[in-house]
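# Structural description and commentary
So the chains spell out like this:
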2 protein chains.
Amino acid sequence: MRKTQDQKPLSKEDRKALLAFLSRFVSEARRQKMAAVLRHRTRHITVLLEDIYQPQNASAVLRTCDALGLQDVYIAENWNAYRFNPDVSLGAEKWLTIHRFRHPGCTEGGLEAMRTPPSSFPATEEAMQHLRAKGYLLVATSPHTDSCSLEDIPLTRKVAFLFGNEREGLSAYALAHADMHLRLPMYGFVESYNISVSAAITLFSVTERLRRSDAPWRLSEDEQEEILLMWLRCSAPSGEALERLFWRRYHEAKTQALSSPCEEE
Amino acid sequence: MRKTQDQKPLSKEDRKALLAFLSRFVSEARRQKMAAVLRHRTRHITVLLEDIYQPQNASAVLRTCDALGLQDVYIAENWNAYRFNPDVSLGAEKWLTIHRFRHPGCTEGGLEAMRTPPSSFPATEEAMQHLRAKGYLLVATSPHTDSCSLEDIPLTRKVAFLFGNEREGLSAYALAHADMHLRLPMYGFVESYNISVSAAITLFSVTERLRRSDAPWRLSEDEQEEILLMWLRCSAPSGEALERLFWRRYHEAKTQALSSPCEEE
């Protein structure tokens, strides 16, 4: 059921060679921008979006994640297929690692068309298990639960914030299996924020606190290289063709180096 | 050009009598909710939205303003008529004082249809003059200006945040005549936040700081009564008919009191 943008891992040496090769095909300004963004990127905070209906909401959340320096976005499609609007996301999806957990029964507008809410949420279940296995604390953002506030979220651990759909909010499964429940401050008559607003307030507040903290929020060198490779692959013009050319030359050079007699002798 | 929801002011005595009368037609729970919201309401912070295109953005901002306890929203319609989507605002507009500054030349989708950006912004000009006369510091939120950060906004004065449209951002007029320019933190590739996200981050951050400060952010008793009257007028069933009934009885009672002989004599 899982579908991500991950490619098969390369050895460190192969990756470094490929990075050096692909880097030549993007401008100096772009390389500097990528390096600057990588220095502020984090996997310490992430989000799980569950059955979001409206493309403009889904897209605004992606744009917020990129702008605030989050690398990963998890998407659970139980009954509603995820769509985004490129006019709102402004291409943010290109720079993020999107992890999709998709139930085969999901369709466009699937949840909206249902008369009664479904009772099973298999994609959410799998996504939450996956996040938990990676060490994330799972925080359900739910305006109807009188629970902890933003300042109570511990940042010594990795944290994943769960956001539900525009109509029903989070599923019963997500609410029951989260480690904590978060309530944003609200002083008016409306009983909830728009989903993209809720994500913005939550993520802005915790990432600002995280950057001032001692928590180990930065990416490792290995992670930085992996992500840089993903960015170069989609930034270099004709990226796939270039990569094929690189591997052909690289393997030829290796083979030649191994088979040719040593010149010193 | 100005069009607001204001009604003609009543004397204190008349207003108190009308408040007491209308209060009887809403539930106790609703009265308590109104009192609680009024305690957290503020006019110390406000927003001016300039030529917003997308109803879902305009509506999400209204919902955020209500939820964060802002009472006033200013809308400048230079070339683009303001529309909102009630599915997104969830009725927030009913609880806010909306001040519209509307240029007669504005139409639905007017700005989108223009080939070159207009050079005059008469509605913005009038709205900014109005806000300045009320003592507001005018802060332009503009991602391309390298200027102050959220923490630099002084809260000892009343502050109005200016947000521009989805495509061009703020007008040249607004950028040139604002007192300060604000840049939100951004760590990714995208160069701006969605307008409703930008408003949410700005308003959440400053209102949280305001509530912990000594600044005189609460409404006066007079303001509270005026706003409560507005809320009761639109909450009581058949509010207008009820109010006509009240005034007829009230004037009859006053006339009778003045004309009848004093019983003590």
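For the structure itself, look to the data block above.
Counting starts from 1 at the beginning of each chain's written sequence and moves along it residue by residue. Here chains are named by letter from A upward and ligands by number from 1 upward, in the order in which they appear as written. Restriction of local features to residues with pLDDT of at least 70 applies here, the model being predicted, together with a cutoff of 80 or more for giving and counting side-chain atom pairs; totals for whole chains, interfaces and linings are based on all residues. The basis for every side-chain value is the complete set of non-hydrogen atoms in the structure, without hydrogens or water.

In this section: the overall build of chain A. In DSSP terms, a helix is any run of H or I states spanning at least four residues, a strand is any run of E spanning at least two, and both are numbered starting from the N terminus. Scanning chain A for helices and strands turns up 10 helices and seven strands. Along the longest, intermediate and shortest principal axes, the C-alpha atoms of chain A span 80 × 40 × 35 Å. Note on classification: 1.4 Å probe, protein chains only; a residue is buried when its accessible area is under 20% of the maximum for its type, exposed when over 50%, partly exposed between these limits. Counting only residues that meet the buried cut, chain A has 54% of its 265 residues in that class. We call two residues contacting when some pair of their heavy atoms lies within 4.5 Å. Excluding contacts between residues fewer than 6 apart, the proportion of contacts in chain A whose partners are at least 24 apart in sequence is 85%. Each accessible area is a Shrake-Rupley result for a 1.4 Å probe, and residues are judged covered by the shown protein chains and nothing else. Here chain A has roughly 12,600 Å² of accessible surface; of this, 50% comes from carbon and sulfur atoms. Averaging the coordinates of the 34 positive side-chain charges in chain A and doing the same for the 35 negative ones gives two points 3 Å apart. By the counting rule applied here, Lys and Arg register as positive and Asp and Glu as negative, while His and the ends of each chain are not counted. Positions of charges follow a simple convention, taking NZ of Lys, CZ of Arg, CG of Asp or CD of Glu.

Relating one copy of the chain to the other takes a rotation about an axis and a shift parallel to that axis. The fit set for superposing copies consists of C-alpha atoms from residues with pLDDT of at least 70 in both; the fit itself is least squares. Take chain A, turn it by 180 degrees, move it 0.0 Å along the axis, and it overlays chain B with an RMSD of 0.0 Å. Viewed as a symmetry operation, the transformation between the two copies matches a two-fold axis. Interface overlap between copies: 100% of the residues of chain A at the interface are likewise at the interface in chain B, consistent with a symmetric, same-surface contact.

We now examine the nonpolar core. Buried residues of nine kinds, namely Ala, Val, Leu, Ile, Met, Phe, Trp, Tyr and Cys, make up a nonpolar core once their side-chain atoms join them within 4.5 Å. Among the nonpolar cores identified, the biggest contains 90 residues, and Phe161(A) and Phe161(B) are the most heavily contacted of them. Apart from residues no more than four positions distant in its own chain, Phe161(B) is found in contact with Ile45(B), Thr46(B), Val47(B), Leu48(B), Val139(B), Thr141(B), Ile153(B), Leu182(B), Thr202(B), Leu203(B) and Val206(B).

Attention shifts here to the interface of chain A and chain B. Across the boundary between the two partners, chain A contributes 38 residues, which contact 38 residues of chain B. By definition, the buried area sums, over both parts, the 1.4 Å-probe accessible area that each loses when the two are put together. Regarding the contact of chain A and chain B, the summed buried area is about 3,300 Å², with carbon and sulfur atoms giving 67% of it. A carboxyl oxygen of Asp or Glu within 4 Å of a side-chain nitrogen of Lys or Arg is what we treat as a salt bridge. For the pair chain A and chain B, the interface holds zero salt bridges. Two N or O atoms count as a polar contact when they lie within 3.5 Å, although within protein this holds only if one can serve as hydrogen donor and the other as acceptor, and sequence-adjacent residues are included solely when both atoms are side-chain atoms. Our count for the chain A to chain B interface comes out at 15 residue pairs in polar contact (both at pLDDT 80 or more). The element contributing the most residues to the side of chain A that touches chain B is helix H8 (residues 195-212) of chain A, with eight residues.

Moving on to the packing of aromatic side chains. Aromatic contacts are taken between Phe, Tyr and Trp rings whose centres are within 6.5 Å, Trp giving its six-membered ring; a plane angle under 30 degrees counts as stacked, one over 60 as edge-to-face, and the others as tilted. Under the counting rule described, the total for this entry stands at 18 aromatic pairs over all chains. Ring centres 5.6 Å apart and planes at 70 degrees place the aromatic pair Trp247(B) and Tyr250(B) in the edge-to-face group. Note that Trp247(B) and Tyr250(B) are positioned in helix H10 (residues 239-259) at a spacing of three residues, about one turn of the helix. Tyr250(B) shares its class with Trp247(B); the two are buried. One aromatic cluster is present, formed by Phe21(A), Phe25(A), Phe246(A), Trp247(A) and Tyr250(A) through successive ring pairs. Note that Arg211(A) overlies the ring of Trp217(A), its terminal NZ or CZ placed 4.9 Å from the centroid. When the NZ atom of lysine or the CZ atom of arginine is within 6 Å of a ring's centre and also within 35 degrees of its normal, the charge is said to sit over that ring. Sitting over the face of the ring of Tyr187(A), Arg211(B) holds its NZ or CZ atom 3.8 Å from the ring centroid.

Residue and element names in this part refer to chain A. Put simply, a disulfide is two cysteine sulfurs that come within 2.5 Å. According to the stated counting rule, one finds zero disulfides over all chains in the structure shown. No disulfide involves Cys 65; its sulfur sits 17 Å from that of Cys 234, the nearest cysteine. A residue is classified by how much of its surface remains accessible, and Cys 65, at 0% relative accessible area, is buried.

With that settled, the discussion passes to the environment of Glu28(B). All names here are of chain B. With respect to the helices, strands and loops of the structure, Glu 28 is situated in helix H2 (residues 28-40). Classification of Glu 28 as partly exposed rests on a relative accessible area of 44%. In this structure the side chain of Glu 28 is engaged in a polar contact, spanning 2.9 Å, whose partner is the side chain of Gln 32.

Below, the discussion takes up the environment of Pro104(B). Within the secondary structure layout, Pro104(B) lies in the loop between strand E4 (97-102) and helix H5 (110-113). For the pair formed by Pro104(B) and Glu221(B), sequence separation is 117 residues and the distance between their alpha carbons is 36 Å.

We now examine the packing of helix H1 (residues 12-23) of chain B against H10(B). Residue and element names in this part refer to chain B. Interaxial angle, 0 to 180 degrees, is taken between N-to-C directions of lines fitted to C-alpha atoms, where a helix line uses only the stretch in contact. Between H1 and H10, whose axes approach to 11 Å, the crossing angle comes to 125 degrees. One element, H1, and the other, H10, form an angle in the oblique class. Pair H1 / H10 crosses with right-handed handedness. On the side of H1, the interface is formed by Glu 13, Asp 14, Ala 17, Leu 18, Phe 21 and Leu 22, while H10 contributes Leu 242, Glu 243, Leu 245, Phe 246, Trp 247, Arg 249, Tyr 250 and Lys 254. Tallied by class, the residues present in the contact of H1 with H10 amount to nine nonpolar, no polar and five charged. Just so you know how the angles are binned, under 35 degrees is roughly parallel, over 145 roughly antiparallel, 65 to 115 roughly perpendicular, and the rest oblique. Working rule for handedness: look at the near helix, and if it is turned counterclockwise from the far one by less than a right angle, call the crossing left-handed; if clockwise, right-handed. Each residue is assigned to one class: nonpolar for Ala, Val, Leu, Ile, Met, Phe, Trp, Tyr, Cys and Pro, charged for Asp, Glu, Lys and Arg, and polar for all the others, Gly among them.

What follows covers empty space enclosed by the protein. A water-sized probe rolled over the atoms picks out the places where empty space is left. Lining residues are those with an atom within 4 Å of a point, where the points come from a 1 Å grid over the protein atoms alone and group into cavities, where a 1.4 Å probe fits but cannot get out, or pockets, open sets with protein on both sides within 12 Å along at least five of seven lines. Grid points are joined across faces, edges and corners, and a volume is the space filled by probe spheres set on the points. Under the defined criterion, the tally for this structure stands at one cavity of 30 Å³ or more. Its volume calculated, the largest cavity comes out at about 90 Å³. Forming the walls of the largest cavity are 14 residues, and the residues nearest its centre are Gln56(A), Asn57(A), Ser196(A), Gln56(B) and Asn57(B). Its residues placed into classes, the lining of the largest cavity shows four nonpolar, 10 polar and no charged.

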